[in-house]
Amino acid sequence: MEGASYQRFPKVKIRELKDDYVKFELRETDASMANALRRVMIAEVPTIAIDLVEIEVNSSVLNDEFIAHRLGLIPLTSERAMSMRFSRDCDACDGDGQCEFCSVEFHLRAKCINDQTLDVTSKDLYSSDHTVVPVDFSDSGSGYENPEEQRGITIVKLRKGQELRLRAIARKGIGKDHAKWSPAATVTFMYEPEIHINEEMMETLSLEEKTSVVESSPTKVFALNPQTQQVEVVDPEAYSYDDEVLKKVEAMGKPGLVEIYAKEDSFIFTVESTGAIKASQLVINAIDVLKQKLDAVRLLEDTVEADDQFGELGAHMRGG
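Residues numbered from 1 in each chain as written. Predicted model: local features only at pLDDT ≥ 70, side-chain atom pairs only at ≥ 80, totals over all residues. Heavy atoms only, no water.

Novice: In this structure, what is going on with the nonpolar core? I would like to understand it.
Specialist: It is characteristic of soluble globular proteins that their nonpolar side chains tend to be buried jointly. Grouped together as the largest cluster of nonpolar side chains are 23 residues, with contacts concentrated most on Ile50, Leu71, Leu76, Phe106 and Leu108. Leave out the neighbours within four places in its chain, and isoleucine 50 touches Leu71, Gly72, Leu76, Phe106, Leu125, Ala168, Ile169, Ala170 and Lys180. Counting 20 residues, the second-largest nonpolar core is a separate cluster that includes Ala34, Phe267, Phe269 and Val283. (Core = buried A, V, L, I, M, F, W, Y, C linked by side-chain atoms within 4.5 Å. Buried < 20%, exposed > 50% of the residue type's maximum accessible area, 1.4 Å probe, protein only. Contact = heavy atoms within 4.5 Å.)

Okay, here's the thing in C-alpha coordinates:
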(Lines give C-alpha, C1' and ligand atoms only; values in the text may rest on other atoms or scores of the structure.)
Protein backbone atom coordinates (compact mmCIF):
# COMPACT_ATOMS: atom_id res chain seq x y z
CA MET A 1 0.00 0.00 0.00
CA GLU A 2 1.45 3.37 -1.04
CA GLY A 3 2.47 5.57 1.87
CA ALA A 4 2.06 2.75 4.39
CA SER A 5 4.42 2.76 7.36
CA TYR A 6 4.88 0.86 10.55
CA GLN A 7 6.22 1.81 13.94
CA ARG A 8 9.13 -0.06 15.44
CA PHE A 9 10.13 -0.24 19.08
CA PRO A 10 13.89 -0.89 19.26
CA LYS A 11 15.21 -2.63 22.35
CA VAL A 12 18.59 -2.21 24.03
CA LYS A 13 20.29 -4.80 26.23
CA ILE A 14 23.53 -3.92 28.04
CA ARG A 15 26.20 -6.61 27.80
CA GLU A 16 29.13 -4.90 29.53
CA LEU A 17 29.40 -1.52 31.19
CA LYS A 18 32.39 0.50 32.41
CA ASP A 19 33.03 4.22 32.71
CA ASP A 20 34.86 4.36 29.37
CA TYR A 21 33.43 1.26 27.66
CA VAL A 22 30.00 -0.17 26.91
CA LYS A 23 28.88 -3.15 24.87
CA PHE A 24 25.19 -3.50 24.12
CA GLU A 25 22.66 -5.12 21.81
CA LEU A 26 20.32 -3.07 19.64
CA ARG A 27 17.38 -5.15 18.42
CA GLU A 28 14.22 -4.77 16.36
CA THR A 29 15.49 -2.02 14.09
CA ASP A 30 17.42 -1.83 10.83
CA ALA A 31 20.93 -0.92 9.70
CA SER A 32 19.97 2.66 8.81
CA MET A 33 19.05 3.47 12.42
CA ALA A 34 22.04 1.57 13.81
CA ASN A 35 24.42 3.49 11.55
CA ALA A 36 22.68 6.79 12.32
CA LEU A 37 23.25 6.16 16.03
CA ARG A 38 26.91 5.31 15.40
CA ARG A 39 27.50 8.46 13.35
CA VAL A 40 25.78 10.68 15.93
CA MET A 41 27.94 9.23 18.73
CA ILE A 42 31.09 10.00 16.76
CA ALA A 43 30.26 13.39 15.24
CA GLU A 44 27.26 15.10 16.85
CA VAL A 45 27.29 14.58 20.62
CA PRO A 46 28.67 17.85 22.04
CA THR A 47 31.67 18.07 24.36
CA ILE A 48 33.94 20.84 25.63
CA ALA A 49 37.45 21.36 24.25
CA ILE A 50 40.02 24.15 24.21
CA ASP A 51 39.35 26.32 21.17
CA LEU A 52 41.34 29.52 21.80
CA VAL A 53 44.88 29.80 23.19
CA GLU A 54 46.65 33.05 24.03
CA ILE A 55 50.37 32.46 24.58
CA GLU A 56 52.02 34.97 26.93
CA VAL A 57 55.46 33.38 27.23
CA ASN A 58 56.82 30.37 25.34
CA SER A 59 60.54 29.61 25.41
CA SER A 60 60.08 25.85 24.93
CA VAL A 61 61.27 23.88 21.89
CA LEU A 62 57.70 23.72 20.52
CA ASN A 63 56.18 26.63 18.64
CA ASP A 64 52.92 28.30 19.72
CA GLU A 65 50.73 26.58 17.12
CA PHE A 66 52.00 23.13 18.08
CA ILE A 67 51.22 23.70 21.76
CA ALA A 68 47.77 25.13 20.94
CA HIS A 69 46.98 22.04 18.87
CA ARG A 70 48.07 19.70 21.68
CA LEU A 71 45.94 21.62 24.19
CA GLY A 72 42.88 21.32 21.96
CA LEU A 73 43.20 17.52 21.88
CA ILE A 74 43.23 17.12 25.67
CA PRO A 75 39.82 15.64 26.66
CA LEU A 76 37.92 17.73 29.20
CA THR A 77 35.14 16.50 31.48
CA SER A 78 31.99 17.47 29.61
CA GLU A 79 29.00 16.40 31.70
CA ARG A 80 27.49 19.89 31.39
CA ALA A 81 28.13 20.21 27.64
CA MET A 82 24.52 19.42 26.70
CA SER A 83 23.26 22.34 28.81
CA MET A 84 25.92 24.83 27.64
CA ARG A 85 25.38 27.20 24.74
CA PHE A 86 27.31 27.14 21.49
CA SER A 87 29.46 30.27 21.41
CA ARG A 88 27.96 31.30 18.05
CA ASP A 89 24.45 31.20 19.57
CA CYS A 90 25.25 32.85 22.91
CA ASP A 91 23.37 36.12 23.40
CA ALA A 92 25.10 36.85 26.72
CA CYS A 93 28.40 37.64 25.01
CA ASP A 94 27.05 38.38 21.51
CA GLY A 95 28.84 35.37 20.04
CA ASP A 96 32.24 36.38 21.40
CA GLY A 97 32.51 32.97 23.09
CA GLN A 98 34.03 34.20 26.34
CA CYS A 99 31.33 34.15 29.00
CA GLU A 100 30.30 31.70 31.73
CA PHE A 101 27.35 30.40 29.67
CA CYS A 102 29.38 29.25 26.65
CA SER A 103 33.03 28.94 27.72
CA VAL A 104 35.46 27.93 30.44
CA GLU A 105 38.79 29.68 31.05
CA PHE A 106 42.07 27.85 31.74
CA HIS A 107 45.48 29.13 32.84
CA LEU A 108 48.87 27.46 32.70
CA ARG A 109 52.09 28.72 34.26
CA ALA A 110 55.20 26.54 34.28
CA LYS A 111 58.92 27.27 34.53
CA CYS A 112 61.86 24.91 34.91
CA ILE A 113 64.27 26.19 37.56
CA ASN A 114 66.63 23.23 37.99
CA ASP A 115 68.66 20.82 35.86
CA GLN A 116 65.98 18.11 35.81
CA THR A 117 63.58 18.16 32.84
CA LEU A 118 60.12 19.45 33.79
CA ASP A 119 57.11 17.68 32.25
CA VAL A 120 54.25 20.13 31.68
CA THR A 121 51.04 18.10 31.60
CA SER A 122 47.27 18.48 31.56
CA LYS A 123 47.29 18.56 35.38
CA ASP A 124 49.07 21.94 35.17
CA LEU A 125 45.95 23.46 33.56
CA TYR A 126 43.88 25.40 36.10
CA SER A 127 40.19 25.76 35.28
CA SER A 128 37.76 28.52 36.21
CA ASP A 129 35.03 25.86 36.52
CA HIS A 130 35.63 22.84 38.75
CA THR A 131 33.18 20.76 36.67
CA VAL A 132 35.27 21.19 33.50
CA VAL A 133 38.80 19.89 34.02
CA PRO A 134 41.24 17.69 32.07
CA VAL A 135 40.29 14.01 32.25
CA ASP A 136 42.19 12.12 34.94
CA PHE A 137 43.41 8.73 33.72
CA SER A 138 45.31 7.79 36.89
CA ASP A 139 42.57 5.40 38.05
CA SER A 140 41.79 3.82 34.68
CA GLY A 141 44.29 0.97 34.79
CA SER A 142 47.04 2.86 33.01
CA GLY A 143 49.74 0.53 34.33
CA TYR A 144 51.13 2.88 36.97
CA GLU A 145 51.46 1.28 40.41
CA ASN A 146 51.63 4.69 42.06
CA PRO A 147 48.98 7.15 40.80
CA GLU A 148 51.40 10.03 41.48
CA GLU A 149 53.63 8.69 38.70
CA GLN A 150 50.87 9.51 36.20
CA ARG A 151 50.71 13.26 35.96
CA GLY A 152 48.28 13.59 33.09
CA ILE A 153 48.80 14.10 29.35
CA THR A 154 52.18 15.57 28.45
CA ILE A 155 51.98 18.95 26.70
CA VAL A 156 55.67 19.88 26.52
CA LYS A 157 58.99 19.23 28.29
CA LEU A 158 60.96 22.18 29.66
CA ARG A 159 64.69 22.43 30.38
CA LYS A 160 66.30 24.80 32.87
CA GLY A 161 65.35 28.40 32.22
CA GLN A 162 62.50 27.58 29.81
CA GLU A 163 58.99 28.83 30.59
CA LEU A 164 55.44 28.44 29.34
CA ARG A 165 52.64 30.79 30.32
CA LEU A 166 49.28 30.92 28.59
CA ARG A 167 45.53 31.46 28.81
CA ALA A 168 43.06 29.14 27.07
CA ILE A 169 39.32 29.25 26.39
CA ALA A 170 37.34 25.99 26.12
CA ARG A 171 34.06 25.98 24.21
CA LYS A 172 31.26 23.60 23.33
CA GLY A 173 31.44 21.88 19.95
CA ILE A 174 30.79 18.67 18.02
CA GLY A 175 33.07 16.21 16.27
CA LYS A 176 31.67 17.16 12.87
CA ASP A 177 33.38 20.56 13.27
CA HIS A 178 36.67 19.18 14.64
CA ALA A 179 37.85 15.80 15.94
CA LYS A 180 38.88 17.35 19.28
CA TRP A 181 35.17 17.63 20.18
CA SER A 182 34.41 13.96 19.45
CA PRO A 183 33.60 12.10 22.70
CA ALA A 184 34.12 8.69 21.09
CA ALA A 185 37.43 6.90 20.72
CA THR A 186 35.78 3.97 18.92
CA VAL A 187 32.20 3.15 17.95
CA THR A 188 31.56 -0.04 16.00
CA PHE A 189 28.60 -2.30 15.37
CA MET A 190 28.14 -5.64 13.68
CA TYR A 191 25.21 -7.78 12.64
CA GLU A 192 24.60 -10.49 15.21
CA PRO A 193 25.54 -13.77 13.48
CA GLU A 194 23.34 -16.86 13.58
CA ILE A 195 25.30 -20.09 13.03
CA HIS A 196 23.78 -23.51 12.32
CA ILE A 197 25.64 -26.82 12.10
CA ASN A 198 24.10 -29.75 10.21
CA GLU A 199 24.61 -32.44 12.86
CA GLU A 200 23.73 -35.35 10.56
CA MET A 201 26.24 -34.26 7.93
CA MET A 202 28.85 -33.58 10.62
CA GLU A 203 28.57 -37.21 11.79
CA THR A 204 29.87 -38.36 8.39
CA LEU A 205 33.20 -36.54 8.91
CA SER A 206 36.30 -38.05 10.40
CA LEU A 207 37.96 -36.57 13.50
CA GLU A 208 40.67 -35.06 11.31
CA GLU A 209 38.10 -33.41 9.03
CA LYS A 210 36.22 -32.01 12.03
CA THR A 211 39.46 -30.56 13.37
CA SER A 212 40.20 -28.94 10.01
CA VAL A 213 36.74 -27.32 10.02
CA VAL A 214 37.36 -25.89 13.51
CA GLU A 215 40.83 -24.62 12.58
CA SER A 216 39.65 -23.04 9.32
CA SER A 217 38.12 -20.15 11.26
CA PRO A 218 40.71 -17.43 12.02
CA THR A 219 38.81 -16.59 15.22
CA LYS A 220 37.70 -19.04 17.89
CA VAL A 221 34.09 -19.51 16.79
CA PHE A 222 34.07 -23.31 16.88
CA ALA A 223 35.59 -25.91 19.18
CA LEU A 224 35.82 -29.69 19.23
CA ASN A 225 34.24 -31.18 22.34
CA PRO A 226 36.83 -33.65 23.74
CA GLN A 227 34.14 -35.87 25.28
CA THR A 228 31.59 -36.12 22.46
CA GLN A 229 33.99 -35.39 19.56
CA GLN A 230 31.37 -32.98 18.19
CA VAL A 231 31.99 -29.58 16.63
CA GLU A 232 30.28 -26.90 18.74
CA VAL A 233 29.71 -23.18 18.37
CA VAL A 234 31.46 -21.63 21.39
CA ASP A 235 31.45 -17.93 20.48
CA PRO A 236 29.25 -16.91 17.52
CA GLU A 237 30.08 -13.22 18.01
CA ALA A 238 33.75 -13.92 17.33
CA TYR A 239 32.79 -14.60 13.71
CA SER A 240 34.12 -11.77 11.53
CA TYR A 241 32.16 -12.58 8.33
CA ASP A 242 35.35 -13.79 6.64
CA ASP A 243 33.59 -16.84 5.04
CA GLU A 244 36.68 -19.02 5.64
CA VAL A 245 34.60 -21.79 7.24
CA LEU A 246 32.11 -21.76 4.37
CA LYS A 247 34.93 -21.97 1.82
CA LYS A 248 36.44 -24.88 3.75
CA VAL A 249 33.25 -26.99 3.86
CA GLU A 250 32.63 -26.32 0.16
CA ALA A 251 36.19 -27.45 -0.64
CA MET A 252 35.48 -30.62 1.34
CA GLY A 253 32.42 -31.24 -0.81
CA LYS A 254 30.04 -30.63 2.10
CA PRO A 255 28.03 -27.50 1.22
CA GLY A 256 25.40 -26.83 3.85
CA LEU A 257 27.49 -28.39 6.63
CA VAL A 258 27.72 -24.95 8.27
CA GLU A 259 25.25 -22.14 7.57
CA ILE A 260 25.83 -18.60 8.79
CA TYR A 261 23.27 -15.80 8.60
CA ALA A 262 23.37 -12.19 9.71
CA LYS A 263 20.34 -11.14 11.73
CA GLU A 264 19.24 -8.02 9.87
CA ASP A 265 17.39 -6.56 12.87
CA SER A 266 19.96 -7.25 15.59
CA PHE A 267 23.25 -5.41 16.13
CA ILE A 268 26.06 -5.57 18.67
CA PHE A 269 27.61 -2.20 19.52
CA THR A 270 31.00 -1.54 21.08
CA VAL A 271 31.55 2.01 22.34
CA GLU A 272 34.75 3.43 23.83
CA SER A 273 34.77 6.95 25.23
CA THR A 274 37.68 9.41 25.29
CA GLY A 275 36.78 10.09 28.92
CA ALA A 276 35.10 13.43 28.24
CA ILE A 277 31.80 11.79 29.20
CA LYS A 278 31.04 8.29 30.39
CA ALA A 279 30.34 5.73 27.69
CA SER A 280 26.81 5.15 29.01
CA GLN A 281 26.10 8.89 28.94
CA LEU A 282 27.52 9.06 25.42
CA VAL A 283 24.90 6.58 24.23
CA ILE A 284 22.08 8.41 26.05
CA ASN A 285 23.16 11.80 24.69
CA ALA A 286 23.41 10.34 21.17
CA ILE A 287 19.83 9.07 21.40
CA ASP A 288 18.68 12.54 22.54
CA VAL A 289 20.51 14.22 19.64
CA LEU A 290 19.08 11.68 17.17
CA LYS A 291 15.56 12.33 18.47
CA GLN A 292 16.07 16.09 17.97
CA LYS A 293 17.23 15.51 14.40
CA LEU A 294 14.23 13.27 13.66
CA ASP A 295 11.90 15.90 15.12
CA ALA A 296 13.49 18.46 12.80
CA VAL A 297 12.91 16.18 9.80
CA ARG A 298 9.29 15.63 10.84
CA LEU A 299 8.80 19.40 11.16
CA LEU A 300 10.36 19.90 7.72
CA GLU A 301 7.98 17.36 6.19
CA ASP A 302 5.03 19.18 7.79
CA THR A 303 6.34 22.45 6.34
CA VAL A 304 6.62 20.95 2.84
CA GLU A 305 3.08 19.59 3.08
CA ALA A 306 1.84 23.02 4.20
CA ASP A 307 3.55 24.66 1.21
CA ASP A 308 1.91 22.16 -1.13
CA GLN A 309 -1.47 22.94 0.38
CA PHE A 310 -1.25 26.70 0.93
CA GLY A 311 1.56 27.74 -1.42
CA GLU A 312 2.79 31.32 -0.95
CA LEU A 313 0.29 31.93 1.87
CA GLY A 314 1.99 29.27 4.05
CA ALA A 315 5.42 30.74 3.42
CA HIS A 316 4.12 34.25 4.20
CA MET A 317 2.64 33.06 7.53
CA ARG A 318 6.09 31.70 8.51
CA GLY A 319 7.67 35.01 7.62
CA GLY A 320 9.19 33.73 4.36
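Novice: How should the side chain of threonine 121 be read in this particular structure?
Specialist: Positionally, threonine 121 belongs in strand β5 (residues 118–121). Overall, threonine 121 belongs to the buried group, its relative accessible area being 3%. The contact partners of threonine 121, leaving out residues within four places of it in the chain, are Arg151, Gly152, Ile153, Thr154 and Ile155. (Helix = DSSP H or I, 4+ residues; strand = E, 2+ residues; numbered from the N terminus.)

Novice: Would you explain the pattern of salt bridges in this entry?
Specialist: Once the charged atoms of two side chains with opposite charge are near each other, the side chains can pair. Under the defined criterion, the tally for this structure stands at 23 salt bridges. Put simply, glutamate 237 and arginine 15 hold a salt bridge, and the shortest N to O gap is 2.4 Å. With glutamate 237 in the loop between β11 (231–233) and α5 (244–251) and arginine 15 in strand β1 (residues 11–17), this pair connects stretches of sequence that are 222 residues apart. Residue arginine 15 is classed as partly exposed on the basis of its relative accessible area, which comes to 32%. Here aspartate 51 and lysine 180 are joined by a salt bridge, their closest N and O atoms 3.0 Å apart. (Salt bridge = Lys/Arg side-chain N within 4 Å of Asp/Glu carboxyl O.)

Novice: Just to check I follow, could you spell out the environment of isoleucine 197 for this structure?
Specialist: Inspection of the secondary structure puts isoleucine 197 in strand β9 (residues 184–197). Between the C-alpha atom of isoleucine 197 and that of valine 233, which follows or precedes it by 36 residues, the distance is 8.3 Å.

Novice: Explain helix α4 (residues 207–215) here, please?
Specialist: Because the α-helix completes a turn every 3.6 residues, residues three or four places apart line up on one side. Among the residues of α4, Lys210, Val213 and Val214 are the ones counted as buried. Angularly, the buried residues of α4 cover 100 degrees about the axis, an arc narrow enough to put them on a single face. Set apart from the buried face of α4 by more than 90 degrees, the exposed residues are Glu208 and Glu215. Taken together, the buried residues of α4 touch α3 (199–202), β10 (222–224), β11 and α5. (Arc of directions from axis to C-beta.)

Novice: Can you walk me through the sheet that holds β1 in this structure?
Specialist: The strands making up a sheet are joined through hydrogen bonds of the backbone, oriented either antiparallel or parallel. Taken together, four strands build an open sheet; the order of strands is β1-β2-β12-β9 and the sheet is antiparallel. This sheet does not close on itself; its edge strands, each paired only once, are β1 and β9. The mean inter-strand angle of the sheet, taken between neighbouring strand axes irrespective of direction, is 30 degrees. Relative to strand β2 (residues 21–27), β1 runs antiparallel, the two sharing six bridges. The partner of leucine 17 across the bridge, within β2, is valine 22. On top of the sheet, helix α1 (residues 31–43) reaches β2, β9 and β12 (258–273); it is set at about 155 degrees to β9, its chief contact. (Pairing = 2+ DSSP bridges. Axes fitted to C-alpha atoms, helices over the stretch in contact; angles between N-to-C directions.)

Novice: Looking at this structure, I do not really get a nonpolar patch on the surface. What am I missing?
Specialist: On the surface, a nonpolar cluster with roughly 290 Å² of combined accessible area is contributed by Val12, Ile14 and Leu17. Mapping leucine 17 onto the fold places it in strand β1. Leucine 17 sits in the exposed class, given a relative accessible area of 53%. (Patch = residues over 30% accessible without salt bridge, like charges linked within 9 Å, V, L, I, M, F, W, Y side chains within 5 Å. Areas by Shrake-Rupley, 256 points an atom, 1.4 Å probe, with all protein chains shown as cover.)

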